[in-house]
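What follows is the residue order along each chain.
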Amino acid sequence: MAEETRSPVLEFEDVSLSFEGPPVLDHVSFTVNEGESCVIFGTAGSGKTVLLKTALGLLKPDSGRVRVFGQDITDMREEELFDVRSRIGMLFQEGALFDSLTIEENVAYPLLNQKSIHSTPDEARRRVEEVLRFVELEHTLEKFPSELSGGMRRRVGIARAIATRPPLVLYDSPTAGLDPITANTIVAVIIKQRDVSNVTSLMVTHRYQDGRLVADFRFDPATGGLRPSPNGTGPGTRTRFMVLKEGSLVFRGSQKELEASTDPYISRFVARRA
Amino acid sequence: MLDFLKRPVLEVQQFYLLFGAALKNVFRRPHYADDIFIQMDIIGVGSLPIVILTGFFTGAVMALQMARALSQYGQVGRTGMVVSIAVVRELGPVLTALMVAGRNSSGMASELGSMKVTEQIDAMRALGTDPIQKLVTPRMIATCTVLPLLTIIADFVGIFGGFIIAYYLLNLTPTEYWSSAWRALEWNDVAQGLLKPFVFAFAVSLVGCYYGLRTTGGTQGVGRSTTQAVVVASVMIFFLTFFLTKIFTKLATP
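Residues numbered from 1 in each chain as written. Chains lettered and ligands numbered in written order. Predicted model: local features only at pLDDT ≥ 70, side-chain atom pairs only at ≥ 80, totals over all residues. Heavy atoms only, no water.

Engineer: Please give an account of a nonpolar patch on the surface that cites residues and values.
Structural biologist: On the surface, a nonpolar cluster with roughly 520 Å² of combined accessible area is contributed by B:V231, B:V235, B:F239, B:F242 and B:F243. Along the chain, the position of B:V235 falls in helix α8 (residues 218–252). (Patch = residues over 30% accessible without salt bridge, like charges linked within 9 Å, V, L, I, M, F, W, Y side chains within 5 Å. Areas by Shrake-Rupley, 256 points an atom, 1.4 Å probe, with all protein chains shown as cover. Salt bridge = Lys/Arg side-chain N within 4 Å of Asp/Glu carboxyl O. Helix = DSSP H or I, 4+ residues; strand = E, 2+ residues; numbered from the N terminus.)

Engineer: Account for the interface of chain A and chain B, with residues named and values stated.
Structural biologist: Between chain A and chain B, the contact holds 23 residues from the first and 17 residues from the second. Roughly 1,700 Å² is buried in total at the junction of chain A and chain B, and carbon and sulfur atoms are behind 50% of that figure. Where chain A packs against chain B, one counts five salt bridges. Put simply, A:K53 and B:D122 hold a salt bridge, and the shortest N to O gap is 2.8 Å. Here chain A is connected to chain B by nine residue pairs in polar contact (both at pLDDT 80 or more). Among the elements of the structure, α2 (48–56), α3 (78–85) and α4 (103–113) of chain A are those that each provide at least two residues to the side of chain A that touches chain B. (Contact = heavy atoms within 4.5 Å. Buried area = accessible area lost by both parts, 1.4 Å probe. Polar contact = N/O pair within 3.5 Å; in protein donor to acceptor, adjacent residues only side chain to side chain.)

Engineer: Requested: an account of the pairing of strand β2 (residues 23–33) of chain A, with residues and values cited.
Structural biologist: All names here are of chain A. In this structure, strand β1 (residues 8–18) lies alongside β2, joined through seven bridges in antiparallel fashion. Residue pairing in the sheet places L17 in a bridge with L25 of β2. Linking two consecutive strands that pair antiparallel, namely β1 and β2, is a turn of four residues; a positive phi of about 40° is found at E20 within it. (Pairing = 2+ DSSP bridges.)

Engineer: If you had to explain the layout of surface pockets to someone new, which residues and values would you point to?
Structural biologist: Its volume calculated, the largest pocket comes out at about 1,800 Å³. Looking at the lining of the largest pocket, the element that brings in the most residues is helix α1 (residues 2–25) of chain B, giving nine residues. Looking at the lining of the largest pocket residue by residue, the classes come out as 15 nonpolar, 10 polar and 16 charged. Each pocket or cavity is described by its volume, and for the second largest pocket that value is around 770 Å³. Of all the secondary-structure elements, those providing two or more residues to the lining of the second largest pocket are α4 and α5 (121–134) of chain A together with α2 (33–71), α3 (79–117), α4 (120–126) and α5 (131–168) of chain B. (1 Å grid on protein atoms, 1.4 Å probe; cavity = no way out; pocket = protein on both sides within 12 Å on 5 of 7 lines; lining within 4 Å. Points joined across faces, edges and corners; volume = space filled by probe spheres on them. Nonpolar A, V, L, I, M, F, W, Y, C, P; charged D, E, K, R; others polar.)

Engineer: I'd like a description of the sheet that holds strand β3 (residues 37–42) of chain A, backed by residues and values.
Structural biologist: Residues and elements named next belong to chain A. With mixed pairing, six strands are arranged side by side in an open sheet as β6-β7-β8-β3-β11-β12. Where the open sheet ends on each side, the last strands, each with one partner, are β6 (88–91) and β12 (248–253). Between one strand and the next, the sheet's axes are offset by a mean angle of 15°, whatever the strand orientation. Judged from the four bridges that link them, β6 and strand β7 (residues 168–172) form a sheet pairing that is parallel. Considered in β7, the bridge of L91 is made with Y171. Contacting β3, β8 (200–205) and β11 (239–245), helix α8 (residues 208–216) runs over the sheet at an angle of about 165° to β3. (Axes fitted to C-alpha atoms, helices over the stretch in contact; angles between N-to-C directions.)

Engineer: Before we move on, can you summarise the nonpolar core with the specific residues and values?
Structural biologist: Residues and elements named next belong to chain A. Core analysis: the biggest nonpolar cluster contains 81 residues, and L10, F12, F30 and L51 have the highest contact counts within it. Lining this core are residues from two domains, each supplying at least three of them: domain 1 (2–87 + 167–271) and domain 2 (95–166). Look past the residues within four positions of L51 in its chain and what remains in contact with it is F12, L25, V28, F30, I40, L202 and L244. Counting residues in each nonpolar core, the second largest holds 45 residues, with V107, A124, V187 and V199 among its members. (Core = buried A, V, L, I, M, F, W, Y, C linked by side-chain atoms within 4.5 Å. Buried < 20%, exposed > 50% of the residue type's maximum accessible area, 1.4 Å probe, protein only. Domains from an automatic or database assignment.)

Engineer: Can you break down the packing of helix α7 (residues 187–213) of chain B against α8(B) residue by residue, with the values?
Structural biologist: In a pair of packed helices, the angle between the axes and the distance between the axes together describe the arrangement. Residue and element names in this part refer to chain B. Two elements in contact, α7 and α8, have axes whose closest approach is 9 Å; the angle formed by their N-to-C orientations is 155°. Relative to α8, the element α7 lies roughly antiparallel. Classified by chirality, the crossing of α8 by α7 is right-handed. (Parallel < 35°, antiparallel > 145°, perpendicular 65-115°, else oblique. Left-handed = near helix turned anticlockwise from the far one by under 90°.)

What follows is the structure, given as structure tokens:
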């Protein structure tokens, strides 16, 4: 029952967007409710990144409405959007860390630059140390992004995304280009973040393994690791799945429905299961 | 026909929108003073050696060429005058701006272009910062501040380069050269010599930033943007100097 009473955090209503060609998003509608984990699968070029950027207000849809925390952001000006964005964490595909700043400066960036947050340098420093400890990279404060491995950069990206304690976190292909072991480490951090902070999350990926881990595992504070917990049986979050194909959502449903699907495009993702 | 024109018109419109936004940000908070000083160091101090070298050899070559022409009229003594007018009015501002365009428009385009293709610009917007305020306005302010200063240095070094030639090769006395060079200059020359680099600075900085921010297509796109920035900035400098010279010539004519 509790699921129905949850308020929508992110809503796409018939959103379409194109850049000089076929639509990148084609009449996309979905809702992510508070406390939910939502995983969207899609191949390269299916519109995953564009969907997340539209949710952040970085791209404006040609038609349709986007609502975040109940606010319609579709026609908002950039200055107004800063306030909304301060409540959303975003992990970009390659981390998108600022090359010219140290890891500490990168993670402190939203704390010092978001108008609605305004941390003092001391508060920012404490929070930076805390989140870097969370992603187990507290020893990298003075380093530059170029000195870190791909997986480490991705973890710093997560630290930066969650530094302001946003109630909604968006993950853009968090494991793209990483080896399977590092990829699992990244997903473990995402699960830990979800279960410790009880945030709503939306992850786009092309790896079914990522979605399965998010759905079937939970963070165990006693051991500091993950423990199996079938989707929806544990307290707190529930994971829902969607599949994006050439800008259209072709599947919305539970893990069971996803795995039972006979659609060749959808089953391509499930077949990749390890 | 209309489709053919659509793209260039759109580009010009977007360039002017960037210009307007960057200019508006000069009067709006937050101001990134640190970034302005860093850019002043990169553009101003960093360009100093090449500007000095260019200025010196420009003045020296001017003296050599003009002395040959002036000798036909027995007016070699006026070399200082010719060098100072040419350098202060035209060669100093234009060549300094071209050097800075080659060095910094390309640098801005490649730096911002790399940030664009690695989603750092999007990340900046997502983290509460206006990229124009943080990246474009400081570069524009820094260029507008240092380019006139670099031009003054280039002008002086250029006239000095002419003096070296006049003194050692043309056997003019220092007084002969410097007094002729000094007397030749009017306020109109000094005004246009300082106004030109100020106007060129907008072209140099904004063209670099514009091409950087519109980069697409990965590392290949960054290379393309860099080349386009240098070419467009250089062409704009020539266009602008033509129109500014025309205006000042009109003003100087009684």
